[in-house]
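A structural walkthrough
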Amino acid sequence: MLKIQDVTKYFNLNTVDQKLALSQVSIDLNEGDFMTVIGSNGAGKSTLLNIIAGVHSVDQGAVLLDGKNILVLPEYRRALYISRIFQDPMKGTAPNMTVEENLSMAMARGKKRGLRKGISRGNREMFKESLAQLELGLEDRLNDKVGLLSGGQRQAITLLMSTITSPKLLLLDEHTAALDPKTGSKIVELTEKIVSDNNLTTMMVTHNMEQALSLGNRLIMLHGGKVILDLKDDQKKRMTVDGLLYEFERSRGEKFVDDRVILAN
Amino acid sequence: MKVGFLIASVEQGFVYAVMALGVYLTFRILDFPDLTVDGSFPLGAAIAAKMIVNGSSPLISTFMPLIFGALAGIITGLLHTKGKITGLLAGILTMIALYSINLRIMDKPNIPLLREETIITMVSGLGLPKWLPSLALFVVFALIIKLFLDWFLFTEIGLAIRATGDNPHMIRSLGANTDNMKILGLAISNALVAFSGGLVAQYQGFADVGMGIGMIIAGLAAVIIGEVVFGAGGIKRATIAVVGGSILYRLAIAAALLSGLRPSDLKLITALLVVFALSTPRVKALLSQNKTAVDG
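The structure contained in this document is the topic of the report that follows. Here the structure is a predicted model, which means the values were calculated and not measured.

Cut-off values and rules
- Residues numbered from 1 in each chain as written.
- Chains lettered and ligands numbered in written order.
- Predicted model: local features only at pLDDT ≥ 70, side-chain atom pairs only at ≥ 80, totals over all residues.
- Heavy atoms only, no water.
- Helix = DSSP H or I, 4+ residues; strand = E, 2+ residues; numbered from the N terminus.
- Rg over C-alpha atoms; globule rule 2.2 N^0.38 Å.
- Buried < 20%, exposed > 50% of the residue type's maximum accessible area, 1.4 Å probe, protein only.
- Contact = heavy atoms within 4.5 Å.
- Lys, Arg positive; Asp, Glu negative; His and termini not counted.
- Charge placed at Lys NZ, Arg CZ, Asp CG, Glu CD.
- Buried area = accessible area lost by both parts, 1.4 Å probe.
- Salt bridge = Lys/Arg side-chain N within 4 Å of Asp/Glu carboxyl O.
- Bend = angle between axes of the 7 residues up to and from the residue.
- Axes fitted to C-alpha atoms, helices over the stretch in contact; angles between N-to-C directions.
- Parallel < 35°, antiparallel > 145°, perpendicular 65-115°, else oblique.
- Left-handed = near helix turned anticlockwise from the far one by under 90°.
- Nonpolar A, V, L, I, M, F, W, Y, C, P; charged D, E, K, R; others polar.
- Pairing = 2+ DSSP bridges.

1. Things to note about the overall build of chain B
Summing up its helical and strand segments, chain B has twelve helices and two strands in all. When the elements of chain B are put in sequence order from the N terminus, they spell out α-α-α-α-β-α-α-α-α-α-β-α-α-α. Relative to the globule expectation of 19 Å for 296 residues, the C-alpha radius of gyration of chain B, 20 Å, shows essentially globular dimensions. Its C-alpha atoms put chain B at 70 × 45 × 35 Å along the principal axes. Counting the 296 residues in chain B, one finds 51% classified as buried. Counting contacts in chain B only where the partners sit at least 6 residues apart, residues at least 24 apart contribute 78% of the total. A distance of 3 Å separates the average location of the 21 positive side-chain charges in chain B from that of its 15 negative side-chain charges.

See below:
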């Protein structure tokens, strides 16, 4: 489904500030895979997601989605296939527009926009049902501006907006890190439900090792721009937080350094 | 005399409301301070006036500015999105370029339209009472454009334009080309501004190359007064507030003139008005901060 082949990325190439962000990274995701991504500071986790989404270009390598090279498409053209949620709950929604308008824009993801009515009556019922499933009382607030909602509510709406059209690939960039623990675990719960209901292929960056182990069927660990651990199904099920730390220290010969890492809940 | 003043102010309120709705589209919806307005307003006046003295039909002369205003907006949009020039500077560059272009179109700094057939004399020919034609014409135009924006801003493209001003990052991730949305918004905005310029030229009986100076501030004044007085809940409320704000602004100008100020003082008054309206929330916040500090 998603094939990342030998991707190398430098920042500030050919200057004194040259920095290797990703070094010959190869990842292979099958349809329906849910991969969690962990790694220490500056490991290249966000760079990897930015390359897949089209924010950054690559210096070498290829990214194939369903066999097609997506590196030639600008960010807004990849939107048809790829949804992404950010850490900052403010980033995924337009605050001065209503819940209904935000969801309607998500329905038009990647499609050609015309002079048809932006909000259709049929969609409204569907929005209400989907919102009701979030169990946050949002189904009665279709006409409220999103800016009036809490961070957790906004992130829940972003989650809905990202998945409402069943994209080929869902990218989650520490999407619960900025929320309080209770809201965060609610969003994780919703994420799991929506991903499995729609059988979405998903990549999720997280700083929470336990979360990385409990969610999904794949796990990779990045360090210094390289994949240093790639676990599948059974290997992943057997892995523990201590095991992850051991693997890291063994392969790198140094301590795992991440000022934000959460070992357990 | 006083009633005449009042009617004239309301007429002006409606005809400049067309321009103010254009300013609303860039300033509020796109979050783009577009100074092209100071050039596209006289551009519309120049085109309408030149066409009329050359004997074109007043109807075509009235609507032609829409097209050229849109072109002016597109140029600012291209400078900003493709040329990567900041929005403010892109608008100023187009505005300055338009000054020369407007003089080329007009051949001279001023074209009088006295005794020419204009859209206003056309409507007057229908046998209406003397005070009615301009007013009726401008009310109709302003309302049509208000309704157009109310419809347009709720279409798929309209939602994407609004999101471009609200959260460009997000709408790009949903597959909208924000560059194109900005260019389209600027085109529509400046089309309206130029259209308003053409109407004003016919209304006041001349086009002048300097008639656009400070137009963006007059537009802002209308938008902001409207928001303060009538509120700015949804789009439909906001567009009617802009029309109302435009009328109130013209009445305030008339009052300033009646109180003995010179016409040349008006730009200063307008600037002060906008400064006051824009800084009031900030001053209020500062005052209440100090108050709590003292109280606490």
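2. Observations regarding the interface of chain A and chain B
The partner chain B presents 22 residues to the 30 residues of chain A that form the contact. A buried area of about 2200 Å², summed over both sides, lies between chain A and chain B, and 58% of it is on carbon and sulfur atoms. Counting the surface chain A buries against chain B, the share from its top three residues, Tyr76, Arg113 and Leu115 of chain A, is 29%. Here chain A is connected to chain B by two salt bridges. When the shortest N-O distance is used, the salt bridge between glutamate 101 of chain A and arginine 162 of chain B registers 2.9 Å.

3. Focus on helix H1 (residues 2-29) of chain B
The largest bend along H1 of chain B reaches roughly 35 degrees and is located at alanine 17 of chain B. Looking one or two residues beyond H1 of chain B, the residue adopting positive phi is aspartate 31 of chain B, at roughly 55 degrees.

4. Side note on the packing of H1 of chain B against helix H11 (residues 235-258) of chain B
All names here are of chain B. Relative to each other, H1 and H11 sit at 135 degrees, their axes nearing to 7 Å. The pairing of H1 with H11 is recorded here as oblique in orientation. Where H1 crosses over H11, the handedness of that crossing is right-handed. A breakdown of the residues in the contact of H1 with H11 according to their chemical character gives 18 nonpolar, five polar and two charged.

5. Some remarks on the pattern of salt bridges
All names here are of chain A. Here the structure, examined in full by the defined rule, presents 15 salt bridges over all chains. A salt bridge links lysine 3 to aspartate 28; the shortest N-O distance between them is 3.4 Å. In this pair, lysine 3 is assigned in strand S1 (residues 2-11) and aspartate 28 in strand S2 (residues 19-29), connecting sequence segments 25 residues apart. Its salt-bridge partner being glutamate 135, residue lysine 186 comes within 3.8 Å of it at the nearest N-O pair. Remark: glutamate 135 occurs in the loop between helix H4 (121-134) and helix H5 (151-163) and lysine 186 occurs in helix H6 (residues 181-198); sequence separation between them is 51 residues. Under the relative-accessibility criterion, glutamate 135 is labelled exposed at 63%. Here the residues in one salt-bridge network are Asp33, Arg218 and Asp230, joined through shared partners.

6. Description of the sheet that holds strand S9 (residues 218-223) of chain A
Residue and element names in this part refer to chain A. One open sheet accounts for six strands, arranged S6-S7-S8-S3-S9-S10; its pairing is mixed. The sheet is open, and its two edges are formed by strand S6 (82-85) and strand S10 (226-232), each paired on a single side. In this sheet, adjacent strand axes meet at a mean angle of 15 degrees when their direction is disregarded. Pairing of S6 with strand S7 (residues 169-173), which is carried by four bridges, proceeds in the parallel orientation. Among the inter-strand pairings, arginine 84 is bridged to a residue of S7, identified as leucine 171.

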